[in-house]
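Observations on the three-dimensional arrangement
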Amino acid sequence: MAGEKGFTLWFTGLSGAGKTTISRLLEGHLRERGSKLEILDGDVVRENLSKGLGFSKEDRDTNIRRIAFVADLLSRNGVPVIAAAISPYAEIRSEARELMGDRFVEVYVKASVNTCAERDVKGLYKKAFAGEIKEFTGVSDPYEAPENPEVVCDTEDETPEESAEKLLAYLEQRELVPASVAATV
Ligand code: ADP
């Protein structure tokens, strides 16, 4: 995809809401079209770029600012980015938006605490409800839902594939990715 446009899809949502699942599906679609997409997944970032940071507000803010910094470097050089971290605080998400301007696309990956706890992909909700994990977002730590996200993926109502298709359609409509071959014939 020569001359590809840079943008950052900034996913925000509770643990287990579907950020990683949807980002991997969308990655497949974009790579098929030759995209140089990079994913900054919260869990992966915490194992390297943010290794050693904890879950206090200060450490969470530092983690998100680092992700925003890298997303900005990549996206301003034409590399599309999906940032997929919980990013619970609205103020830091606003900072990321200010940094990236038009390149920033906020995506609310929406599912209730109950749904995420039922899915309990990593068994973390069980531990959080038992008081074994402190500062767990949605249980014992705040989550500030976005007020005006560009896209909402309601994962209680849509399948992961539907969410990925919705995001692809949004990117096409904004002309951030070329329209699919099927759509142009
Ligand atoms: P996160 O990255 O937000 O922590 P994950 O993608 O790791 O969340 O986990 C979401 C879980 O929910 C996965 O096991 C996925 O299969 C499941 N799931 C069920 N329905 C959906 C949906 N509509 N969209 C995304 N994930 C879904």
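For the structure itself, consult the block above.
Residues numbered from 1 in each chain as written. Predicted model: local features only at pLDDT ≥ 70, side-chain atom pairs only at ≥ 80, totals over all residues. Heavy atoms only, no water.

**A closer look at helix 1 (residues 19-32)**
Two residues of an α-helix separated by three or four positions point the same way, owing to the 3.6 residues in each turn. How we decide: Only runs of H or I of at least four residues qualify as helices and only runs of E of at least two qualify as strands under DSSP, and these elements are numbered from the N terminus. A helix is expected to span 1.5 Å for every residue after the first. The contact criterion used is simple: two residues touch if any of their non-hydrogen atoms lie within 4.5 Å.
Given a rise of 1.5 Å per residue, 14 residues ought to cover 20 Å, and the 20 Å separating the end C-alpha atoms of helix 1 matches this to within 8%. Buried residues along helix 1 sit against strand 1 (8-12), strand 2 (38-41), strand 3 (81-84), strand 4 (104-110), strand 5 (151-154) and helix 7 (160-173). Backbone geometry just after helix 1 places Gly 34 at a positive phi near 90 degrees.

**Topic: the environment of Ala 85**
Convention followed: Each residue's exposure class comes from its accessible area (1.4 Å probe, protein chains only) as a fraction of the maximum for that residue type: buried when under 20%, exposed when over 50%, partly exposed otherwise.
The residue Ala 85 is located in the loop between strand 3 and helix 4 (90-100) in this model. Classification of Ala 85 as buried rests on a relative accessible area of 7%. Not counting residues up to four positions away in its chain, the partners in contact with Ala 85 are Phe 11, Thr 12, Gly 13, Lys 19, Gly 42, Ile 64 and Ile 67.

**Details of the pattern of salt bridges**
Condition: Within this document, salt bridges are pairs made up of a side-chain nitrogen of Lys or Arg and a carboxyl oxygen of Asp or Glu, the two lying within 4 Å of each other.
Under the definition given, this model contains 13 salt bridges. Asp 43 serves as the salt-bridge partner of Lys 122, at 2.9 Å between the closest nitrogen and oxygen. Of this pair, Lys 122 sits in the loop between helix 5 (113-119) and helix 6 (124-129) while Asp 43 sits in helix 2 (residues 42-45), and the two are 79 residues apart along the sequence. With a shortest N-O distance of 2.6 Å, Asp 61 and Lys 57 are connected by a salt bridge. On the criterion of helical spacing, the pair formed by Asp 61 and Lys 57 is a turn pair, its members being four residues apart in helix 3 (residues 57-75).

**Some remarks on the environment of Gly 6**
Its location among the elements puts Gly 6 in the segment before strand 1. With 171 residues separating them in the primary sequence, Gly 6 and Val 177 have C-alpha atoms 9.3 Å apart. What Gly 6 contacts, discounting residues up to four positions off in sequence, is Ser 75, Gly 78, Val 79, Pro 80 and Arg 103.

Shape is all these values report; function is a separate question.
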